[in-house]
Amino acid sequence: RVNPSNRLLFPPQLRWKPFEIPRADNQKLDFVSGLHTVCGAGDARSRNGIAIHMYTANTSMIDRCLYNSDGDFLIVPQKGKLLILTEFGKMLVEPNEICQGIRFSVEIFGESRGYILEVFGVHFELPDLGPIGANGLANPRDFLTPVAWYEDRTVPGGYTVISKYQGKLFTSLQDFSPFNVVAWHGNYAPFKYNLENFMVINCVAFDHADPSIFTVLTAKSLRPGVAIADFVIFPPRWGVADHTFRPPYYHRNCMSEFMGLIKGHYEAKEGFQPGGGSLHSVMTPHGPDGDCFEKASKAKLEPERVADGTMAFMFESSLSMAVTKWGLETCQRLDKNYYKCWESLKSQFNPSKKDVGK
């Protein structure tokens, strides 16, 4: 389930309906047993690449914990709170927050669903701010680490330690809790971050700025400005640009874009729902649907609030991703009519028009 090597090549635009959470009375799934790989690129053995997973859970991990030998998990809850137990302490993580654990167990409260971005070989860090200066985007002070906590508990029935190693899961049993650490030293620790603390930098004149201005965390490649993975959000903000098309314009580029929606309504796509996703691969064209184009083209360009009550995000990568069989077939959530959202678009070219650019 968490092995991105079982991939299928599929270049068109893809969209998934919200991934279903099984009912607890039919099938009990915790964070690990409900974890599935949607797409990925590269290879954990060479320590270069990424994988994108979905988790759906209806029960807590009982006397079970997970650690990842392949890389880092960036967890983005979409539905349901997570109480994450780590060797460093506990973190209560809610939708609209993100977190990263090291060796951890997950307790849930009811049904839970969310997204995971995994990077191999590199770590997530704050992006370089360049001309923005010392402050802006995600500020270091807003990243929280747990308060020290431990448990000294024997487990006669056995405590299961799960290791994710080269895309496969391995287990071992021990008779005590692994969270018996009373102190730690180093610079690698779990964290959580509330996306509401993101300080938006936005366009105030004309045009639609590159989504890199919405980068929360990045996993850098050896080429400056071209990331192995970026975690980008589209939070509530003001739209004030004049003489322009305000929604994200039609484009294709050198990055693969996996989008998810935590809550609300994404302004550029009518059929995009919380708990679902979309994938636009390298050089595959995409952009607003037909309805969005019509509304934005006719709208009066005056200051307006954008994305209130909404939090969309993007896992963006310079790597060319392939989709797993689970993502294309098994999950049965693929929206096979996604391409139709652009069918109503008509050519707007008029060679006789004289005021182009004014």
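Residues numbered from 1 in each chain as written. Predicted model: local features only at pLDDT ≥ 70, side-chain atom pairs only at ≥ 80, totals over all residues. Heavy atoms only, no water.

The helix and strand tally for the protein stands at 2 helices and 23 strands. At 21 Å, the protein has a C-alpha radius of gyration in line with the 21 Å of a compact globule built from 358 residues. For the protein, the spread of C-alpha atoms along the three principal axes comes to 80 × 45 × 40 Å. Looking at the protein as a whole, 52% of its 358 residues are labelled buried. Considering only contacts within the protein whose residues lie at least 6 apart along the sequence, 77% involve residues at least 24 apart. (Helix = DSSP H or I, 4+ residues; strand = E, 2+ residues; numbered from the N terminus. Rg over C-alpha atoms; globule rule 2.2 N^0.38 Å. Buried < 20%, exposed > 50% of the residue type's maximum accessible area, 1.4 Å probe, protein only. Contact = heavy atoms within 4.5 Å.)

Moving on: the packing of aromatic side chains. For the structure shown, the criterion picks out 24 aromatic pairs. Ring geometry for Phe231 versus Phe315: centroids 5.9 Å apart, planes at 45°, classification tilted. In this pair, Phe231 sits in strand 17 (residues 227-234) while Phe315 sits in strand 22 (residues 311-317), placing the two residues 84 residues apart along the sequence. Summarising the burial analysis for this pair, Phe231 and Phe315 share the class buried. Taken together, the ring pairs in this structure connect Trp16, Phe19, Tyr115, Phe231, Phe258, Phe313, Phe315 and Trp326 into an aromatic cluster. (Phe/Tyr/Trp six-rings, centres within 6.5 Å; stacked < 30°, edge-to-face > 60°.)

To continue, consider the UniProt feature "domain: Homogentisate 1,2-dioxygenase N-terminal" (unreviewed entry) in the protein. Residues given the UniProt feature "domain: Homogentisate 1,2-dioxygenase N-terminal" (unreviewed entry) here are residues 10-195. Spanning residues 10-195, this segment combines 0% helix with 49% strand, and its end C-alpha atoms are found 32 Å apart. (UniProt positions renumbered as here; feature names shortened; annotations may be inferred.)

Across the protein, the average pLDDT comes to 92, with 97% of residues at 70 or higher. At the level of individual helices and strands, the protein shows its lowest average pLDDT in strand 1 (residues 7-8), which scores 66, and its highest in strand 15 (residues 191-194), which scores 98. (pLDDT = per-residue confidence, 0-100.)

This part is about the pattern of salt bridges. Between side chains of opposite charge, a pair can form when the charged atoms approach closely. In total, this model carries 15 salt bridges according to the counting rule given. The partner of Asp30 in a salt bridge is Arg64, with the nearest N and O atoms 2.9 Å apart. Taken together, the residues span a long stretch of sequence, with Asp30 in the loop between strand 2 (14-16) and strand 3 (35-43) and Arg64 in strand 5 (residues 64-68) at a distance of 34 residues. It is possible to trace a salt-bridge network through shared partners that takes in Asp63, Glu151 and Arg153. (Salt bridge = Lys/Arg side-chain N within 4 Å of Asp/Glu carboxyl O.)

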